[in-house]
Amino acid sequence: RYGLHLWYDVRFDESVPVSRAADRFATIDGVEYIEPVYVIKSTDADAVYVPDNVIYTPSVAVTRTEMPFNDPMLSQQWHYNNEGSIRRAVEGADIDLFEAWKTTAGDPAVIVAIMDGGVQWDHPDLAANMWVNEAELNGMPGVDDDGNGYRDDIHGYDFYKKSPDVEPGEHGTHVAGTIAAVNDNGIGVSGVAGGTGNGDGVRIMTIGWSADNRQTIPNWDMFAYAADNGAVIASCSWEVSSPDLAPDLQAGLDYFIDNAGMDENGVQTGPMKGGLIMFAAGNSGENR
């Protein structure tokens, strides 16, 4: 219904200008849209990561009673709760997460699709909050046990390699940690919706689309895959080089927004009726 099966990637000799190839393909009967393959780039692909040994540590020790959870680096996550003690920090410049945690710290019924570089699914601070396709986990290797069109997709799927073996990447794993690092497990950082240490965090589905965590071309079927397999939120920490929303991308977004959390008959089966897609903004220093 959304036409995702009608899109094709066409390759041609590199000596042929893209505009000329597009003009030629446009003359073929039945072709409605011709567009170049746009560059997709993670918004902080060129970011410089700070080594652990130079990360600033407050001179005043933070006691357990001041923190909601015992994750050792929670006191460094000033964007969650900023009391101004960290160097150059501005008190109150945060998302007021400690207050939000009083209402909820997560819900395992909520599945978040990380459409990024792959997530390290066995990371000690993420493994307990990964989405698990039980049919494939307990099925036969090399067999599409749940009949969803993808074999062995235990934690998600790599749409770049067309493989269930999602290659872990720094960026995708970092994004997943911000969303759902397991809370109160005494390891690493805290996740916004990582739960309370009792298996109650949101679940992370890894959707890989990047070969090097910098840029490549995703398959917009990944939005349909995520919605059809239970995800209701899609995290897209990337931007598109096209000034306009391409029709194939629009079709993928529309599918997720319209169908996430519902069965094929439009009956709500998930925690939300319809999907929510989150894109990154601000890293390029431009208004969006």
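As the structure is a prediction and not an experimental result, all values here were calculated from the model.

**Student:** How should the overall build of the chain be read in this particular structure?
**Tutor:** Along its length, the chain carries six helices and eight strands. The secondary structure elements of the chain, listed N-terminal to C-terminal, are α-β-α-β-α-β-α-β-β-α-β-β-α-β. Here the chain holds 288 residues, and the buried ones make up 40% of them. Of the roughly 16,200 Å² of accessible surface on the chain, 51% is carried by carbon and sulfur atoms.

**Student:** Can you walk me through the side chain of Asn82 in this structure?
**Tutor:** Position of Asn82 relative to the elements: it lies in the loop between strand S1 (40-42) and helix H2 (97-100). A polar side-chain atom of Asn82 sits 2.8 Å from the main-chain carbonyl oxygen of Val90. Here Asn82 is in contact with Ala89, Val90, Glu91, Gly92, Ala93 and Asp94, once residues within four sequence places are set aside.

**Student:** Is there a simple way to explain the environment of Ala251 in this structure?
**Tutor:** With respect to the helices and strands, the residue Ala251 is situated in helix H6 (residues 247-259). Separated by 247 residues in the primary sequence, Ala251 and Leu4 have C-alpha atoms spaced 6.8 Å apart. In this structure Ala251 touches Tyr2 and Leu4, once residues within four positions along its chain are discounted.

**Student:** Would you mind showing me how to read helix H4 (residues 170-180) here?
**Tutor:** Residues three or four positions apart in an α-helix share a direction because the helix packs 3.6 residues into each turn. Burial of H4 is extensive: eight of the eleven residues sit out of reach of the surface. Here H4 has its buried residues at His171, Gly172, Thr173, Val175, Ala176, Gly177, Ile179 and Ala180.

**Student:** What is the right way to read the pattern of salt bridges from this model?
**Tutor:** Pairs can form between side chains of opposite charge once their charged atoms are near each other. Tallied over the full model, the rule gives two salt bridges. A salt bridge links Lys102 to Glu99, with the nearest nitrogen and oxygen atoms 3.1 Å apart. Its relative accessible area of 66% is what places Lys102 among the exposed residues. With relative accessibility at 43%, the residue Glu99 sits in the partly exposed group.

**Student:** Would you take a moment to explain the nonpolar core for this structure?
**Tutor:** General note: in soluble globular proteins, nonpolar side chains tend to be found buried as a group. Core analysis: the biggest nonpolar cluster contains 45 residues, and Met115, Ile204, Met205, Met222, Phe223 and Phe256 have the highest contact counts within it. Only strand S2 (111-116), H4, strand S4 (203-208), helix H5 (221-228), strand S6 (233-236) and H6 provide two or more residues apiece to this core. The dominant element in this core, judged by the number of residues it contributes, is H5, at six residues. Residues contacting Phe223, with those up to four places away along its chain left out, are Met115, Ala234, Cys236, Trp238, Leu249, Gly252, Leu253, Tyr255, Phe256 and Ile277. Met67, Leu74, Tyr80 and Leu97 belong to the second-largest nonpolar core, a separate cluster that totals eight residues.

**Student:** Could you clarify how one ought to interpret the sheet that holds S6 in this entry?
**Tutor:** Note: strands within a sheet are paired through backbone hydrogen bonds, in either parallel or antiparallel orientation. Strand order in this open sheet of five strands is S3-S4-S2-S6-S8, and the pairing throughout is parallel. Strand pairing shows two members of the sheet lacking a second neighbour, strand S3 (156-158) and strand S8 (276-279), which therefore form its edges. When strand polarity is set aside, the average angle formed by the axes of neighbouring strands in this sheet is 20°. One ladder, built from three bridges, connects S3 with S4; its direction is parallel. Pairing of Gly156 across the sheet is with Thr206, part of S4.

**Student:** What am I meant to see in the pairing of S2 here?
**Tutor:** Across a regular strand the side chains alternate sides, sitting on one face of the sheet and then on the other. Most of S2 sits inside the fold, with six of its six residues counted as buried. Burial along S2 is two-sided: the face carrying Ile111, Ala113 and Met115 and the face carrying Val112, Ile114 and Asp116 are both buried. As paired strands, S2 and S4 are joined by six bridges and run parallel to one another. By the bridge assignment, Ile111 is partnered in S4 with Arg203.

**Student:** For this particular structure, what's the right way to read the packing of H5 against H6?
**Tutor:** When two helices pack together, their arrangement is captured by the angle between the axes and the distance separating the axes. In the contact formed by H5 and H6, the axes pass within 8 Å of each other and the chain directions differ by 10°. On the basis of the axis angle, H5 is roughly parallel to H6. Across the interface between the two elements, Phe223, Ala224, Ala226, Ala227 and Asp228 of H5 pack against Leu249, Gly252, Leu253, Tyr255, Phe256 and Asn259 of H6.

**Student:** Can you help me understand a nonpolar patch on the surface in this one?
**Tutor:** The grouping of Tyr8, Val10, Phe12 and Val18 at the surface amounts to a nonpolar patch, some 410 Å² of accessible area in total. By the element assignment, Val10 lies in the segment before helix H1 (18-25). When its relative accessible area of 45% is taken as the criterion, Val10 is described as partly exposed.

**Student:** Which parts of the structure should I look at to understand the packing of aromatic side chains?
**Tutor:** Here a ring pair, both rings aromatic, is described through the centre-centre distance and the interplanar angle of the planes. Tallied over the full model, the rule gives 17 aromatic pairs. Ring geometry for Trp7 versus Tyr33: centroids 5.9 Å apart, planes at 15°, classification stacked. Remark: Tyr33 occurs in the loop between H1 and S1 and Trp7 occurs in the segment before H1; sequence separation between them is 26 residues. Accessibility expressed as a relative area gives 46% for Tyr33, which makes it partly exposed. Plain terms: the ring middles of Trp220 and Phe223 are 6.1 Å apart, the flat faces sit at 25° to each other, and that makes the pair stacked. On the accessibility criterion, Trp220 (12% relative accessible area) is buried. Residue classification places Phe223 among the buried positions, given a relative accessible area of 0%. In textbook terms, an aromatic cluster arises when at least three aromatic residues are bridged by ring pairs, as seen for Trp209, Trp220, Phe223, Trp238, Phe256 and Phe279.

Parameters at a glance
Residues numbered from 1 in each chain as written. Predicted model: local features only at pLDDT ≥ 70, side-chain atom pairs only at ≥ 80, totals over all residues. Heavy atoms only, no water. Helix = DSSP H or I, 4+ residues; strand = E, 2+ residues; numbered from the N terminus. Buried < 20%, exposed > 50% of the residue type's maximum accessible area, 1.4 Å probe, protein only. Areas by Shrake-Rupley, 256 points an atom, 1.4 Å probe, with all protein chains shown as cover. Polar contact = N/O pair within 3.5 Å; in protein donor to acceptor, adjacent residues only side chain to side chain. Contact = heavy atoms within 4.5 Å. Salt bridge = Lys/Arg side-chain N within 4 Å of Asp/Glu carboxyl O. Core = buried A, V, L, I, M, F, W, Y, C linked by side-chain atoms within 4.5 Å. Pairing = 2+ DSSP bridges. Axes fitted to C-alpha atoms, helices over the stretch in contact; angles between N-to-C directions. Parallel < 35°, antiparallel > 145°, perpendicular 65-115°, else oblique. Patch = residues over 30% accessible without salt bridge, like charges linked within 9 Å, V, L, I, M, F, W, Y side chains within 5 Å. Phe/Tyr/Trp six-rings, centres within 6.5 Å; stacked < 30°, edge-to-face > 60°.

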